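Breakdown of the fold
Take a look at the letters that make up each chain.
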Amino acid sequence: MPFKIAVASGKGGTGKTTIAINLFHNISKEVTPKIQLIDCDVEEPNDILFFPDAKLNSAQPATQSIPTIDNSKCTYCRKCVEWCEFNAIVVIPPVGFAEINSSLCHSCGACIVACEYGAISEKPEEIGTIKQYSIDPHGIISEGRLKIGSAMQTLLIKQVKQQALDDVDFIIFDAPPGTSCPVVETVADADYIILVTEPTPFGLYDLKLTVELVRDIGKPLGVIINKAGLGDHKVHDYLSEEHIEILGEIPYRREYAAQYAKGDIFEKIPGEIKAQYKSIIQKLLVRSTSYEGDNHFKW
Amino acid sequence: MKEITILSGKGGTGKTSITAALASIARDAVFCDNDVDAADLHLILSPTVREEHVFSGGWTASIDVTSCIDCGICTDHCRFDAIHRNSFNNLEINPFKCEGCRLCERICPVQAISSVRSNNNSWFVSDTRFGTLVHAKMGPGEENSGKLVSEVRKRARELAKEYNASYVINDGPPGIGCAAISSLSGTGMVLMVIEPSVSGLHDSRRLVELIDTFSIPTFALINKYDIHPEISEEIKLFLKEKSIPLLGEIPFDKSMVEAMVEGKTIVEFDDKLEISTILKAVWKKLEDFNVL
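Residues numbered from 1 in each chain as written. Chains lettered and ligands numbered in written order. Predicted model: local features only at pLDDT ≥ 70, side-chain atom pairs only at ≥ 80, totals over all residues.

**Regarding unusual backbone geometry**
With the exception of glycine, the majority of residues adopt a negative phi angle, and the majority of peptide bonds are in the trans configuration. All names here are of chain A. Across the junction of Asp136 and Pro137, the peptide omega takes the value 0 degrees, indicating a cis bond. Within the fold, Pro137 resides in the loop between β6 (120-134) and β7 (140-146). One non-glycine residue, Tyr76, adopts positive backbone phi at about 60 degrees. Counting through the fold element by element, Tyr76 comes out in the loop between β3 (55-69) and α2 (79-83). The exposure class of Tyr76 is partly exposed, given the 17 C-beta atoms found within 10 Å. (Helix = DSSP H or I, 4+ residues; strand = E, 2+ residues; numbered from the N terminus. Buried ≥ 20, exposed ≤ 12 C-beta atoms within 10 Å, placed from the backbone.)

**Things to note about the interface of chain B and chain A**
At the interface, 54 residues of chain B touch 52 residues of chain A. Only α4 (103-107), α5 (145-163), α6 (178-184), α7 (198-214) and α9 (255-261) of chain B provide two or more residues apiece to the side of chain B that touches chain A. Here the element with the most residues in the side of chain B that touches chain A is α7(B); it accounts for eight residues. Looking at the side of chain B that touches chain A, its residues break down into 22 nonpolar, 18 polar and 14 charged. (Contact = placed C-beta atoms within 7 Å. Nonpolar A, V, L, I, M, F, W, Y, C, P; charged D, E, K, R; others polar.)

**Focus on the pairing of strand β5 (residues 97-100) of chain A**
In summary, the side chains of a regular strand alternate between the two faces of the sheet. Residue and element names in this part refer to chain A. Burial of β5 is one-sided: the residues Ala98 and Ile100 facing one way are buried, the residues Phe97 and Glu99 facing the other way are not. Direction of pairing for strand β4 (residues 89-92) relative to β5: antiparallel, over a ladder of four bridges. Bridge pairing in β5 links Val90 to Glu99. Joining the antiparallel neighbours β4 and β5 is a turn of four residues, in which Gly96 adopts a positive phi near 65 degrees. (Pairing = 2+ DSSP bridges.)

**Looking at the domain arrangement of chain B**
Per the domain assignment, the segments of chain B are domain 1 (2-56 + 120-291) and domain 2 (59-117). For domain 1 of chain B versus domain 2 of chain B, the separation of C-alpha centres amounts to 41 Å. (Domains from an automatic or database assignment.)

**Considering the domain arrangement of chain A**
According to the domain assignment, chain A consists of domain 1 (3-51 + 135-289) and domain 2 (64-126). For domain 1 of chain A versus domain 2 of chain A, the separation of C-alpha centres amounts to 40 Å.

Quick look at the structure:
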């Protein structure tokens, strides 16, 4: 079974993608070729941008089952309306109107069970695409790409995670920003969580929220401080008070930011940054070998 | 009254710092933090809370082991894979996977399942040195951020009407999913903050595609344009092609972070900085647009 690492951060733009693709690249080169990166930031999937030579293996639509009401069978009893917790169904008996609003529907199936007249059935509606790429020379990248206008990002993340391979040694999940349901979905199956932060007041505030979330879920975590040297020392103070391990610190270098901007990040990496990744990977390897395959929720 | 929403697609491009700067320039506005997931605007505006409200989030179900007859009907019906056996071999609902649809509760033949509604989310109306701020705090891992965004925006609009304010300025969430859609729908104009990187450009393209479905007047700012001038040029071409006016190009300056560390807007930090001058001009252009 692979060791699964999720890279997350409450605040956006702290460097989740940079860290995730660098770990992927360095682990595939130096530790094991059997590695998969899964881009769960389905609203803005960016990992693949940094691998222009990636070879597309497969692409498939991701769908959500949307119920529809057959007016010829509907008796307008409104039981489905009462059972729908998401206010997605409108039934107006006097005018014979019965409709389901697909943008509010969570595809829970309650209305279908509720209907005693067999008037509700489901059909698939596209919410995005799921792609898998091979990276030269090693590694697999999978991504989910939310269809523009769809609000079903969490469902798509759930489906992208099903792309996880069994015969790899490592899986890295690149999480979306935030601390709400899409992030929970991304980190739920991970064995270890890396939180990426920056040493600024925004970075610290959002880090605290994310630490609270990961502790609620009961997963082990470590922090990478990105853009180190900018801002202040309060992130460090907080982490030492909370006894949270700092896996590494990536110094802020303007030239490196420019390299990232261009999408060219694996060549000409400053030595100090290279050394940081090396030591972070060493720490992750220790984690993975002491890992016993127990991935239950510990709530 | 005009509602302006600041969005970016990609996170960390500077939405909140720029919203805060506009707050210190705009005289006549109500401010609203639409990034309810990781709300940061209050860190700069230092609000004094005047009203506090609980936002009822989704339901979470749980099973009463003593009345459960272990029939497994709930497991068969749950589409969210939330019901599993625990180490005592009892059926148990994982609260983080539970979607709150309450189907299990309704079909349980012995009424062993009940649900409680989360009241872990709050939203506030506060006073700040720049005017009124409506903001929220979501409990970790909560759902329905889109609904909470609609709720804070609704209150901000009501207050703006009450005060006869000319603007509501919304600090938007990253992404293009449910929170971004809630932040966009019905707003009067969008100000995009774009960062010159391959990801920044890629994400702003997706955002523009989303905004197009709403037909909302859109403007853009390039933040840290000099980090990669060539990509900034590409962004300008893209904006031109989409007929989105570029209102300003902000250089990279560590003062942005230094101001944040001091809890100040960039304009308060140093009124004479190039960034401050640019942002004042940006606000002027937005106001002019509103008059037309």
